[in-house]
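Below, each chain spelled out in residue letters.
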Amino acid sequence: MTPNSEDVAVNWLVEAGLRPTKQRVSLAELLVGDGNHRHVTAESLFDAAKTKGAAVSLATVYNTLRAFCEAGVLQEITVDGSKSYFDTNTHDHPHYFWEDSSRVTDAPSEQLVIQRLPEAPEGMEIASVDVVIRLRKI
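Position numbers for residues start from 1 in each chain and track the written sequence from start to end. In keeping with the model being predicted, local features are shown solely for residues with a pLDDT of at least 70 and side-chain atom pairs are shown and tallied solely at 80 or more, while totals for entire chains, interfaces and linings include all residues. Side-chain numbers come from the whole structure's heavy atoms, not from hydrogens or water.

Draft legend 1. How the structure looks around the nonpolar core. Within the largest apolar cluster, 22 residues are counted, with the highest numbers of intra-cluster contacts made by Trp12, Leu31, Val61, Leu65 and Phe68. Helix and strand definitions follow DSSP, with helices as H or I runs of at least four residues and strands as E runs of at least two, each counted in order from the N terminus. The greatest single-element share of this core, amounting to five residues, is contributed by helix H2 (residues 22-32). Contacts were defined at the residue level, with two residues in contact if any of their heavy atoms lie within 4.5 Å. The residues contacting Phe68, other than those within four sequence positions of it, are Trp12, Leu13, Leu18, Arg24, Ala28, Leu31, Val73 and Leu74. Buried Ala, Val, Leu, Ile, Met, Phe, Trp, Tyr and Cys residues form a nonpolar core when they are joined through side-chain atoms within 4.5 Å. Only protein chains enter the area calculation, which uses a 1.4 Å probe; residues under 20% of their type maximum are buried, those over 50% are exposed, and those in between are partly exposed.

Listed below in structure tokens is the structure:
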């Protein structure tokens, strides 16, 4: 038997140690219910939830996205100081930011080569490196 999108969402939450509340399940279903990775903003997820008929506020969407990030099931991608995107693929990989459409997509990891990073300051370690490649039409 193939699990439905709600089952996938509930399992995703439970495996992350998150309580599957009605709002979380609704949002998780939109994020991972079909098994595909996606990049969303809080606003785009809120719009999708409204279209689906889910009773969630924009504040709930923001809080839920933060909880998902803290649980390690979403990765936050900050494009500039005012815009964050959330990725269901939490493995390290680079991203394209398409300036003309303000969207984020995965960039090919196998083509990225970082040969050397600066040393971390004393008492610190490098936790991760985020690569966002901005694209604009020529």
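Draft legend 2. Fine view of a nonpolar patch on the surface. On the surface, a nonpolar cluster with roughly 390 Å² of combined accessible area is contributed by Leu112, Ile114, Leu117, Ile126 and Val129. With respect to the helices, strands and loops of the structure, Leu112 is situated in the loop between strand S5 (103-106) and strand S6 (132-135). Distance thresholds for patches are 9 Å for like charges and 5 Å for nonpolar side chains (Val, Leu, Ile, Met, Phe, Trp, Tyr), applied to residues having over 30% relative accessible area and no salt bridge. All accessibility values rest on the Shrake-Rupley procedure with a 1.4 Å probe; residue burial counts only the protein chains present in the view. A carboxyl oxygen of Asp or Glu within 4 Å of a side-chain nitrogen of Lys or Arg is what we treat as a salt bridge.

Draft legend 3. Expanded view of H2. Along H2, the residues that are buried comprise Val25, Ser26, Leu27, Ala28, Leu31 and Val32. If you follow the buried residues of H2, they end up packed against helix H1 (5-15), strand S1 (39-40), helix H3 (42-52) and helix H4 (58-70).

Draft legend 4. Region of the structure containing the sheet that holds strand S4 (residues 95-98). Spatially, the three strands line up as an open sheet ordered S5-S4-S6, and their pairing is mixed. For this open sheet the edge positions go to S5 and S6, each flanked by a neighbour on one side alone. When strand polarity is set aside, the average angle formed by the axes of neighbouring strands in this sheet is 30 degrees. Pairing between two strands is assigned when DSSP locates at least 2 bridges connecting them. As paired elements, S4 and S5 share four bridges and run antiparallel to each other. Structural elements are reduced to axes, namely lines fitted to C-alpha atoms, with helices fitted over the stretch in contact, and the angle between N-to-C directions of any two is expressed from 0 to 180 degrees.

Draft legend 5. Structural view of the pattern of salt bridges. Applying the stated criterion to the full structure yields six salt bridges. Among the salt bridges present, the one from Asp34 reaches Arg38, with a minimum N-O distance of 2.9 Å. Classification of Asp34 as partly exposed rests on a relative accessible area of 44%. What makes Arg38 partly exposed here is its relative accessible area of 22%. We note a salt bridge from Glu99 to Arg134, for which the minimum N-O separation is 3.6 Å. A residue pair is termed long-range when its members are at least 10 positions apart, and Glu99 in the loop between S4 and S5 and Arg134 in strand S6 qualify at 35 residues. Judged by its relative accessible area of 28%, Glu99 falls in the partly exposed class.

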